[in-house]
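# Structure assessment
Listed below are the residues making up each chain.
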Amino acid sequence: MKKFNFRKVLDGLTASSPGSASGTSTCPGGTTGVPAVGVTPRETEVQETLASENFQICKTVRHGFPYQPTALAFDPVQKIVAIGTRTGGVRILGRPGVDCYCQHDSEAAVLHLQFPINEGALVTACADDTLHLWNLRQKRPAILHSLKFNRERITFCHIPFQSKWLYVGTERGNTHVVNIESFILSGYIIMWNKAIELATKTHPGPVVHLSDSPRDEGKMLIGFESGTVVLWDLRTKKPDFRFYYDEAIHSISWHHEGKQFMCSHSDGSLTMWNLKNTAKPFQITFPHAKSQRDGKKPDPCKPILKVEYKTSRSSEPFIIFSGGLSYDKAGRRPSLTIMHGKSITVLEMDHPIVEFLTLCETPYPNEFQEPYAVVVLLEKDFIVVDLTQSHFPIFENPYPMDIHESPVTCTAYFADCPPELIPALYSVGAKHKKQGYSNKEWPVSGGTWTLGTQTYPEIIITGHADGSIKFWDGSAITLEMLYKLKTSKVFEKQKVGEGKQVAEIVEEDPYAIQMISWCPESRILCVTGISAHVILYRFSKHEATTEIVSLEVRLQNDVEDIITPEATENISPYTEPSQPITGSPRNVSPEGIKDSIPCLKVKSRPVRMPQGYQAELVIQLVWVDGEPPQQIASLALNSAYGLVAFGNSNGLAVVDFIQKTVLLSMGTIDLYGSSDPYPRQLRSPRRSKQLTAGLSELSDSPVSLELERCKSPTSDNVNGHCTSPTSQPCSTGKRVSATEGAKLNRWGPSRPPFRKVQSAACMEISLPASHTEESRDNSFSRSRSSSVSSIDKESKETITALYFMDSYGRKNDGTLSPCLWVGTSLGVVLVISLNLPSGEEQRQSEPVMVAPSGTVLMLKGAVLTFSSVDCAGGLIHPPYEVWRDPNSMDDNEKPRKRKLVTFSPSSSQDMGDYHFAVICSEKQAKVYSLPSQNCLYAHSITESSFVLRADVVTVCNSVCLACFCANGHIMTLSLPSLRPMLDVNYLPLTDMRIARTFCFTNGGQALFLSSPTEIQRITYSQEMCENLQDMLGELFTPVETPEAQNRGFLKGLFGGSGQTFDREELFGEAAAGKASRSLAQHIPGPGSMEGMKAAAGGVVGDLARARIALDERGQRLGELEERTAAMMGSAESFSKHAHELMLKCKDKKWYQL
């Protein structure tokens, strides 16, 4: 435990910068562990308990649908499923809570997946022609072996049931055999030229199918793409039969008796072949082709990409296939067809089918399969169809696979929430769930998972492009949907054929959510949308029919004008507090200039609202003199104050949501008053020629002022436009309106039509127009301003951070009072004083006074976050209101009274300063003591990059500042001393989606959107990293393989010799020899003994190897013990039956037997 002293350094030295107002306080950049130069009236001691040993970064779990899936596999005994992706990822899923993500280092696409059934392993084949063997008998799977093919490309893989040999088909048409225990290639090779007839002049094409015969495991069926099928005898190394068809083959499926098989073809046909007649198929069907008369050829159909032929003892066989629809109907959705007897059912899917598998009761291929479900992997969904019911319902998916139902635009993460929140959200969300699911249990039920001991309520909120908001239960590293809210229901729908009643600034996704502010204690929710609107919701357990109050705010910032102290003296810095600022009536001027028009139209009639979150207030920014409203860049909510504040590049607005009035609507420059630290200089006007041309363009197209800068948050076009969720919109190619003719243009004649923003508050990707979309997605300008004093490099000063708290509004104030802390893109911090009526009744009627206090603090870079810490180093929570149902009454039929909770900083009488204000910008962090406003500590976080996200969070019962930088570094700083305790280059910013969705929370946790469909959760807490192993689920559980059915005497006598087939005699090194070394290269994996020897050395490596060997030995001993017990039981049973047979036949003659 370390102790830090804050002492006065120089008597009489003030922290105020020359030329600043009396309330202005600055401090030079301090160094870590050394107080910044400033005044501290008395010695202050803060004991910090956090150390660097308390921090470690690791990934915890990934939620959502695997992005760009490519392959699917299922273990019928372990009942787990694996999904491969185009980026080399593998998701393994079992029962809820059993969810594991693995990643190939090569990031090559996973083309094939195979489970060695009930072995606790997985074989993956990637696009770089490498096979990998994963060990699933540990919570974090690892690669045991890899085999890299050098001269051939892998096209198909198959592992026979209860076999240790893997069949690998290649693009050249050859078939290789791999021992999956040692991952060594066998010398046994089936060459394509030996499989086909010598008279055949053409190459048969790549291998598209490999499987052993259900009747005889010594026979292998090889399917070539050209339409040739060969039944190969593994013993004699010769083909038994060859089958030829004119159409290309996509897949093959056996009948369980092994006497016939079915093929799917590129012309939409299914062919049935019998081993007794190899000349032609005995049945050809076009399931979806129109029947033609006079023997005409059926209409062309799409290829049937896969078919599965599954038999049932009690009913007709199931024939399930994907594709095969006729070409005559354009725009038909992808489908899965189920043929059962004479009935044909077509299940239309919302997305293209990637792969499907039929789940059967038995893993043995030579028994009646008894199919009970079909797992279907779509491009953007994962469903399971119940085959046991005639209408084929789907199972309710327990995994959160619909995060991307609409693209995620923002996230919020809340740990250690009030415990009653999750049941409350679940109860209102359960009533809106879809109906019609199968009543059976989810069939993917493998693995084991138990609730960890260190769990607390966690809620994740996602905002989406369609205006919806989803609440998720994220407790105990799981994710379950609780409640969905649609914000678009607040607005009128634009009917087809009607003229636009409002001036929309985006054509696509006008309701997209940009920011979320939520008070868990009061359950008040506030969101901002891309159309410059703010919606406030209250939570209620009762339905209600009410009108939605709508306010319109006019934010205008004429930065082109000369700003002087004399000019500001004649301008009122704030409006009348009790009157809404709605501007002039809605109109479109005769010149066609839009003014005072909102972007969306709020419903004016009473709206029926179901239980849950109910809209209470909508605030919209309006067009000003033909200019669309700038997108909202910051948002803050306080339930105790009853206020919501938001800001953008034009200014700040504060709204009283109790009285439904606008308290403050002010330009950014007006907030300074006489304390403006920057000299605002006049820009040179445009040339008259340019102005005339702009006006002539306007007269030709009066409504052409919609700016290109207002794009959907899901748009990929980021060239020259703001992509940060906290950014002000950047104007591109702005024209001058008639009302602006008298104004002076801020751009000089040599200025480009767009600007390179120097602040993370408006991150911009500046790329040449000739760049491709791929380069736009993967690169961005990281040039940042090294000085915040050059205001002429910024077009507008944006409000980037807002925070309500009880604080000291002015220097050396004696009492705490409600304040709003405001941060700008130029690194300026302003404090707005709030004067709230004291009593509850007065709060409902008397006005709230809002005024800038004159306090101005300075940082380097755009301000990102605020917080408050007491003298003991504890976090001071802003005051809040305890939740009360707005639609419930007390016993006297009166609304329940408000109950407020406030937190006072701990203090003693001999201290002059009572708490610390923590401020973080994109370049540095500072800690100020209040009310003296002395800068105690300053720390430069980064010089070459910039901070994207910063949050003050609690870890190990202490407080720290967590930062995520654009260069991928994740850092933590102690509070209040700002000592660096963690700095890891962990997450390269490869996509702006990561910057938009990254957020920290308490307990040492964070999350971000790792792909458009997946949420990745990480922890930076050492304690959680150590406990993570206990929180994860087990993928492998010891389960005995079900016994094979009794085949009967005749079937055992005449059913083939498959049971006596020994692959080791054929494929082993003694019989087949060694394969060519140039054909494939064996690579030990990090999870194998060879990998351990290569990766570790010395005592630590020896200990790790000994531990692995001990585990393997213990595992083998356990297996041996189980087998011995089974053999003893079998021997005892045999002895018993033999004794009974002896007693029965003891006194009988031989002819009586």
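Our subject is the structure that appears above.
Worth saying up front: this structure is predicted, and the values here are computed from it rather than measured.

Conventions we followed
- Residues numbered from 1 in each chain as written.
- Predicted model: local features only at pLDDT ≥ 70, side-chain atom pairs only at ≥ 80, totals over all residues.
- Heavy atoms only, no water.
- Helix = DSSP H or I, 4+ residues; strand = E, 2+ residues; numbered from the N terminus.
- Contact = heavy atoms within 4.5 Å.
- Buried < 20%, exposed > 50% of the residue type's maximum accessible area, 1.4 Å probe, protein only.
- Pairing = 2+ DSSP bridges.
- Phe/Tyr/Trp six-rings, centres within 6.5 Å; stacked < 30°, edge-to-face > 60°.
- Axes fitted to C-alpha atoms, helices over the stretch in contact; angles between N-to-C directions.
- Polar contact = N/O pair within 3.5 Å; in protein donor to acceptor, adjacent residues only side chain to side chain.

### Examining the environment of Leu-93
- Checked against the element boundaries, Leu-93 lands in strand E7 (residues 89–93).
- Discounting chain neighbours no more than four positions away, the residues touching Leu-93 are Ile-80, Val-81, Ile-83, Val-98, Asp-99, Tyr-399, Met-401 and Val-444.

### Details of the side chain of Thr-997
- The topology assignment puts Thr-997 in helix H8 (residues 992–997).
- A relative accessible area of 0% means that Thr-997 is categorised as buried.
- Not counting residues within four places of it along the chain, the set of residues in contact with Thr-997 comprises Thr-411, Leu-1007, Phe-1008 and Leu-1009.

### Quick word on the pairing of strand E14 (residues 165–170)
- Most of E14 sits inside the fold, with six of its six residues counted as buried.
- The alternating pattern of E14 places Trp-165, Tyr-167 and Gly-169 on one face and Leu-166, Val-168 and Thr-170 on the opposite face, and all of these are buried.
- Across four bridges, the pairing between strand E13 (residues 154–158) and E14 is antiparallel. Bridged to His-158 within E14 is Tyr-167.
- Hairpin connection of E13 to E14: six residues between the antiparallel strands, including Gln-162 at a positive phi of 60 degrees.

### Focus on unusual backbone geometry
- Each neighbour pair has its own omega, and for Leu-930 with Pro-931 the value is 10 degrees, a cis peptide bond.
- Mapping Pro-931 onto the fold places it in the loop between strand E57 (924–930) and strand E58 (934–940).
- Following Leu-975, the chain continues to Pro-976 via a peptide bond in cis, the omega torsion being 5 degrees.
- The residue Asp-416 is not glycine, and still its phi comes out positive at about 60 degrees.
- Structurally, Asp-416 is set in the loop between strand E32 (408–415) and helix H2 (421–430).
- Overall, the relative accessible area of 56% leaves Asp-416 in the exposed class.

### Quick look at the packing of aromatic side chains
- The final tally for this structure, using the stated rule, is 27 aromatic pairs.
- Relative to Phe-998, the ring of Phe-964 has its centre 4.2 Å away and its plane inclined at 20 degrees; by these criteria the two rings are stacked. Placement of the pair is Phe-964 in strand E60 (residues 958–965) and Phe-998 in the loop between H8 and strand E63 (999–1001), with a sequence separation of 34 residues. For the pair shown, Phe-964 and Phe-998 are each scored as buried.
- The interplanar angle of 10 degrees and the centroid separation of 5.9 Å between the aromatic rings of Phe-998 and Phe-1008 together place this pair among those described as stacked. With Phe-998 in the loop between H8 and E63 and Phe-1008 in strand E64 (residues 1005–1011), this pair connects stretches of sequence that are ten residues apart. For the pair formed by Phe-998 and Phe-1008, the shared burial category is buried.
- Clustering of aromatic rings is evident, with ring pairs tying together Phe-414, Phe-471, Tyr-483, Trp-518, Phe-539, Tyr-613 and Trp-883.

### What to know about the sheet that holds strand E35 (residues 480–486)
- What the four strands build is an open sheet, ordered E32-E33-E34-E35; its pairing is antiparallel. Looking at the sheet topology across the chains shown, the edges are occupied by E32 and E35. Adjacent strand axes in the sheet meet at a mean angle of 20 degrees when their direction is disregarded.
- Taken together, the seven bridges between E32 and strand E33 (residues 458–464) define a ladder with antiparallel strand orientation. Counted as the bridge partner of Phe-414 is Ile-459 from E33.
- Contacts from H2 reach E33, strand E34 (468–473) and E35, with the element oriented near 65 degrees to E35.

### Section: the side chain of Asn-135
- Inspection of the secondary structure puts Asn-135 in strand E11 (residues 130–135).
- Relative accessible area serves as the criterion here: at 16%, Asn-135 is assigned to the buried category.
- A polar atom in the side chain of Asn-135 sits 3.2 Å from the side chain of Gln-138.

### So, the sheet that holds E63
- The strand order across the open sheet formed by four strands is E4-E65-E64-E63, and the pairing between neighbours is antiparallel. At either end of the open sheet lies a strand with only one pairing partner, and these are strand E4 (55–64) and E63. Strand after strand, the sheet turns through a mean of 25 degrees between neighbouring axes, direction not considered.
- When E63 meets E64, the two strands line up antiparallel, connected through three bridges. Considered in E64, the bridge of Thr-1001 is made with Gln-1005.
- Together, E4, E64 and strand E65 (1014–1021) form the strand contacts of helix H9 (residues 1022–1031), whose direction differs from that of E4 by roughly 50 degrees.

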